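# Geometric and topological summary
Chain by chain, the residues:
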Amino acid sequence: MEFVWIIAWAAVISGGVFAAYNLFHYVLFLLATHPKDASRIGHQLNEFERRQQTEWAPTAEDFFKHDDENRTYDDVFGRYRSENANYSTCVFPRTLFGHRYAADYILLSPSPGMRLLELGCGSGAAADYVANQCDVEILCVTNSRAQEEICQRKFKKFGGRLQVMVSDFDALDLPDASFDAIYALESIGYTKDLDAYLARCWRMLKPGGRLLIRSPGSLDFCRREKDYKSVTAFVDNWRYNFLGSNLLVYKMRRLGFDPIEYRRLHFWAYALTWNFLEHLFLWKFRMPMRSMVELERIIWRTSKVFVFGNGYNIVRATKPVASAVAASG
């Protein structure tokens, strides 16, 4: 009888932990899908946000230095990714086993007939989900031939509604006002010129169109030279610029986006998600990646307030309809 009680209590405790973990994911989902007004941020940049724009900006040669001097992006990810793989460090499903891109679909709010542009499509997982939920057209852009092949196989079932092209984001030349929404999920940090990147998005969006950016990490609250230099060591390995909400809102506001909304989720929260833990295992044990070994050292020598308060950023901005009226006038 005692054994039965032990089993019963174990089941109750396990069920409670599982329910709590699901609730935790649902709370993050609600936060991610309800960004707040950005009127209070993005009015000025701190010293380190100004410096990162030049000191951390990737270069054309950095595609051939991913994780170390001799590995490209395809060298790092190609062997470990499939048609069902998810490249995003952080996603926010409704529940633990809900679809990874449910929150992004809500943020984009697509309608039948819309035309979308995805900058940095990975395995095409996000576009596949959006197109399955709504009759839209999506052009996916990647700089990886391996990803292009994966997407081409995956997108055949859509009968031409989804297309993929290989291009450097910074050399992309598409017609003005040709997309109802543009989204970049953790890819904007690879741009070599943030101002030109955002200006290009503004130009390609139709009036009333939305720009959705998800970006890990930021210098929004960096206040010490020591912390800046610690993170610089990781940037030098990964060749990725951590663009935070404050910096993105600052740049978007200067272009004329309005309204702008954002959500900043702290590291201590998103680092507990199942998706993030899966990626840690992938990076550290399956690949393995030198950058992750360096990251552990960096965390130990960096201010814990800065590390655990560091934000995962979601920024959604709208190109005003009035901008088209002004342009025509």
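Everything that follows concerns the structure shown earlier in this document.
Cut-offs and rules
- Residues numbered from 1 in each chain as written.
- Predicted model: local features only at pLDDT ≥ 70, side-chain atom pairs only at ≥ 80, totals over all residues.
- Heavy atoms only, no water.
- Phe/Tyr/Trp six-rings, centres within 6.5 Å; stacked < 30°, edge-to-face > 60°.
- Lys NZ or Arg CZ within 6 Å of the ring centre and 35° of its normal.
- Buried < 20%, exposed > 50% of the residue type's maximum accessible area, 1.4 Å probe, protein only.
- Helix = DSSP H or I, 4+ residues; strand = E, 2+ residues; numbered from the N terminus.
- Axes fitted to C-alpha atoms, helices over the stretch in contact; angles between N-to-C directions.
- Parallel < 35°, antiparallel > 145°, perpendicular 65-115°, else oblique.
- Left-handed = near helix turned anticlockwise from the far one by under 90°.
- Contact = heavy atoms within 4.5 Å.
- Nonpolar A, V, L, I, M, F, W, Y, C, P; charged D, E, K, R; others polar.
- Salt bridge = Lys/Arg side-chain N within 4 Å of Asp/Glu carboxyl O.
- Lys, Arg positive; Asp, Glu negative; His and termini not counted.
- Polar contact = N/O pair within 3.5 Å; in protein donor to acceptor, adjacent residues only side chain to side chain.
- Pairing = 2+ DSSP bridges.
- Right-handed = clockwise from strand over helix to strand, strands pointing away.

### Looking at the packing of aromatic side chains
Across all of its chains, the model carries 16 aromatic pairs by this definition. For the ring pair F155 and F158, a centre distance of 6.5 Å and an interplane angle of 65 degrees mean the geometry is edge-to-face. Ring-pair connections join several aromatic residues into one group, and the members of that group are F92, F267, Y270, F276 and Y312. When the ring centre of W202 is taken as reference, the NZ or CZ atom of K319 above it lies at 5.1 Å.

### Observations regarding helix α5 (residues 125-133)
Along an α-helix, residues three or four apart share an orientation, since each turn contains 3.6 residues. With 7 of 9 residues buried, α5 is to be regarded as a mostly interior element. Burial in α5 covers these residues: A125, A126, A127, D128, Y129, V130 and A131.

### Some words on the packing of helix α7 (residues 194-204) against helix α9 (residues 245-255)
Packing of α7 against α9 brings their axes to within 10 Å, and their N-to-C directions diverge by 50 degrees. Relative to α9, the element α7 lies oblique. Crossing hand, α7 versus α9: right-handed. Contacts from L194, D195, L198, A199 and W202 of α7 reach α9 at L247, L248, K251, M252 and L255. Class assignment for the residues of the contact of α7 with α9 results in 8 nonpolar, no polar and 2 charged.

### What about the pattern of salt bridges?
Here the structure, examined in full by the defined rule, presents 19 salt bridges. Measuring nitrogen to oxygen at the nearest pair gives 3.2 Å for the salt bridge that ties E55 to R51. You can see E55 and its partner R51 sitting in helix α2 (residues 47-55), 4 residues apart, about one turn around the helix. On the accessibility criterion, E55 (44% relative accessible area) is partly exposed. The partner of D176 in a salt bridge is R203, and the shortest N-O contact between them spans 2.6 Å.

### Details of the side chain of R263
Locating R263 in the fold gives a position in strand β7 (residues 260-266). Buried charge without a partner: R263 forms no salt bridge, and the closest opposite charge is E261, 9.0 Å away. A polar contact of 2.7 Å, which involves the side chain of R263, links it to the backbone oxygen of H34. Non-local contacts of R263, meaning those with residues more than four positions away in its chain, are made with L31, A32, H34, P35, K36, S245, Y312, N313 and I314.

### Here's the deal with the pairing of strand β4 (residues 162-166)
Looking at chain direction, strand β3 (residues 137-142) and β4 are connected through 5 bridges and run parallel. Residue L139 lies in a different strand from β4, and its bridge partner there is Q163. Handedness of the β-α-β unit built from β3, helix α6 (residues 145-155) and β4 comes out right-handed.

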